[in-house]
Amino acid sequence: MSLLDVQNLKVYFPVSRGPLRRAREHLKAVDEVSLSIEPGETLGLVGESGCGKTTLGRAILRLVQPTAGRILFEGEDLSRINGAALRARRRKLQIIFQDPYSSLNPRMRVGHIIGEALDIHRLAPDRAARQKRIRELLAAVGLEAAHADRYPHEFSGGQRQRIGIARALAVEPKLIVCDEPVSALDVSVQAQVVNLLRDLRQQRGIAYLFIAHDLAVVEHISHRVAVMYLGRIVELAGAKTLVREPMHPYTQALISAVPVIDPDAKRRRIVLPGDVPSPVHPPPGCPFHPRCPLAEDRCRTEAPAWRQVRPGHWAACHLAEIANRKS
Ligand code: SF4
């Protein structure tokens, strides 16, 4: 049994239009998404801004209400529980936000921020145990015990993200949704935080859903990577396989935009025409067809099936095999 098994998840938001704002349409932020995460696994989730990856992460935590589908966590459907039952399960599912400053209460000392998580779930029987646990958590993320008495504004961006990680670790989660955890940090600090997350996973067996738009960062930390476009997963494979042998034309375009450090390595940049279409009116057939360099007639009318093209390598493209040969 997978730790997390998301099945046919939809998250639609109603939007009103017209002079009386009566006509109701739906913004399809997440549309028929299925994925799984094993214990201790890191699944990367990439895609451009607005593709639905943050909404998907929040729906898994039930911070956003799903419209349809199932979210099985350790076999239990989180989409069907509420109140105390949901709060109890949330202990095992935590989130790390993109902006570590706005996600930390500026009026609370760091010890209080971390201790609050322990208090909510009654994980420290007395004050001494609480203090000891806070010190352990600070040490686990590379901070000092004395930092517990300081306020968030006294820290750098990287240190604040470490505080956010310590707060998430406090409740001993099994899965952490990392929502663009390094995007707001300097490049020099990004690697330190990514390596910290990787070390914590190895030490504690935590699984991550690692959301980012930077494919190079995602490849570095992930076992498998899913690519999202217009609310749908369009490709999913092992991290190295996905980067070396992409099968979906959209993934190929994303990879072509990643800078190559080796000056001898040649990579042809694929520039996609047009903008991402509106998720209120996604194109018929394959949603990527208006921008796809390989699109043919059937792509405009026939939605491609989500299929396993090779063992462990899934793609939603009629021409995945041909696209792979051209990559
Ligand atoms: Fe391109 Fe057609 Fe594949 Fe869609 S199904 S990605 S339009 S080739």
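This section reports on the structure supplied with the text. Residue indices begin from 1 for each chain and proceed along its sequence in written order. Where local features are concerned, this predicted model is filtered to residues with pLDDT of at least 70; where side-chain atom pairs are given and counted, the filter is 80 or more; whole-chain, interface and lining totals use all residues. Computation of side-chain values: all heavy atoms of the structure, hydrogens and water removed.

Now for the overall build of the protein chain. For helices the rule is a DSSP run of H or I covering at least 4 residues; for strands it is a run of E covering at least 2, with both sets numbered from the N terminus onward. Looking only at helices and strands, one finds 10 helices and 12 strands in the protein chain. Only C-alpha atoms enter the radius of gyration; for comparison, a globular chain is expected to reach 2.2 Å times N to the power 0.38, where N is the number of residues. On C-alpha atoms alone, the protein chain measures out to a radius of gyration of 21 Å, which is about the 20 Å that the 2.2 N^0.38 rule sets for 327 residues. Buried residues are those whose accessible area, probed at 1.4 Å on protein chains only, stays under 20% of the maximum for their type, while exposed residues exceed 50% and partly exposed ones sit between those limits. A total of 327 residues make up the protein chain; the buried ones form 49% of that total. Note on definitions: a residue-residue contact is assigned when non-hydrogen atoms from the two residues lie within 4.5 Å. Within the protein chain, contacts between residues separated by at least 24 positions form 63% of all contacts whose residues are at least 6 apart in sequence. Counting only carbon and sulfur atoms, one obtains 49% of the accessible surface of the protein chain, whose full area is about 15900 Å². Under the convention used here, Asp and Glu are negative, Lys and Arg are positive, and both His and the chain ends fall outside the count. Where a charge lies is defined by one atom per residue type, namely NZ (Lys), CZ (Arg), CG (Asp) and CD (Glu). If you average the places of the 47 positive and of the 34 negative side-chain charges in the protein chain, the two averages end up 4 Å apart. To be clear on the numbers: accessible area is Shrake-Rupley with a 1.4 Å probe, and residue cover counts the displayed protein chains and nothing else.

Turning to the site of the ligand, a few remarks are in order. Working definition: residue near molecule or strand if any one of its non-hydrogen atoms lies within 4 Å of it. Taken together, the neighbourhood of the ligand is formed by 13 residues, with C286, C292, C299, C317 and H318 sitting nearest. Amino acids are sorted into nonpolar (Ala, Val, Leu, Ile, Met, Phe, Trp, Tyr, Cys and Pro), charged (Asp, Glu, Lys and Arg) and polar (every other residue, Gly among them). The residue makeup of the shell around the ligand, split by class, is 10 nonpolar, three polar and no charged.

Let us look at the pairing of strand 10 (residues 232-238). Of all the seven residues making up strand 10, five are buried; the element is thus mostly covered by neighbouring parts of the structure. A strand pair is defined by DSSP finding two or more bridges across the two strands. In terms of strand pairing, strand 10 meets strand 12 (residues 313-315) through two bridges, oriented antiparallel. Directly across from E235, in strand 12, lies its bridge partner A315.

Turning our eyes to something else, we now look at the side chain of E180. Topologically, E180 is positioned in the loop between strand 7 (175-179) and helix 6 (187-204). Relative accessible area serves as the criterion here: at 7%, E180 is assigned to the buried category. At 2.4 Å, the side chain of E180 forms a polar contact with the side chain of S183. When residues no more than four places from it in sequence are discounted, the contact partners of E180 are K53, Q98, I211, A212 and H213. For this analysis, a polar contact is any N or O atom pair within 3.5 Å, provided that within protein one partner can donate a hydrogen and the other can accept it, and provided that sequence-adjacent residues contribute only side-chain to side-chain pairs.

What follows concerns unusual backbone geometry. Backbone geometry places E172, a non-glycine residue, at a positive phi of 50 degrees. Tracing the chain through its elements places E172 in the loop between helix 5 (157-169) and strand 7.

Moving on: the environment of D149. With respect to the helices and strands, the residue D149 is situated in the loop between helix 4 (127-140) and helix 5. Judged by its relative accessible area of 54%, D149 falls in the exposed class. Each C-alpha atom of the pair D149 and I95 lies 24 Å from the other, and the pair is 54 residues apart in sequence.

All right, on to the sheet that holds strand 7 then. The strand order across the open sheet formed by eight strands is 6-7-8-3-9-10-12-11, and the pairing between neighbours is mixed. A single partner strand is all that each edge strand has here, and the edge strands are strand 6 (93-96) and strand 11 (307-310). On average, each strand axis in the sheet is tilted by 25 degrees relative to the strand beside it, whichever way the strands run. As paired elements, strand 3 (residues 42-46) and strand 9 (residues 224-229) share four bridges and run parallel to each other. Interaxial angles span 0 to 180 degrees and are taken between N-to-C directions of axes, which are lines fitted to C-alpha atoms, for helices over the stretch in contact.

All right, on to helix 5 then. Take the residue count of a helix, subtract one, and multiply by 1.5 Å to get its expected span. Here helix 5 is 13 residues long and its end C-alpha atoms lie 18 Å apart, about the 18 Å a rise of 1.5 Å per residue gives. Here helix 5 lies mainly inside the structure; 10 of its 13 residues are buried. Every buried residue belonging to helix 5 is among G158, R160, Q161, R162, I163, G164, I165, A166, A168 and L169, and all of these are buried. In the core, the buried residues of helix 5 are packed alongside strand 6, helix 3 (110-120), helix 4, strand 7 and helix 6.

Moving on to the pattern of salt bridges. A side-chain nitrogen of Lys or Arg and a carboxyl oxygen of Asp or Glu constitute a salt bridge if their distance falls within 4 Å. Following the criterion strictly, the structure yields 20 salt bridges and no others. For R224, the salt bridge goes to E41, with nearest N and O atoms at 2.5 Å. Of this pair, R224 sits in strand 9 while E41 sits in the loop between strand 2 (23-37) and strand 3; the two residues are 183 residues apart in sequence, bridging distant segments of the chain. Residue classification places E41 among the buried positions, given a relative accessible area of 9%. Of the charged contacts, one joins E172 and R91 as a salt bridge, the two residues approaching to 3.9 Å between their closest N and O atoms. Of this pair, E172 sits in the loop between helix 5 and strand 7 while R91 sits in the loop between helix 2 (83-90) and strand 6, and the two are 81 residues apart along the sequence. Its relative accessible area of 27% is what places R91 among the partly exposed residues.

These figures come from the coordinates and say nothing about function on their own.
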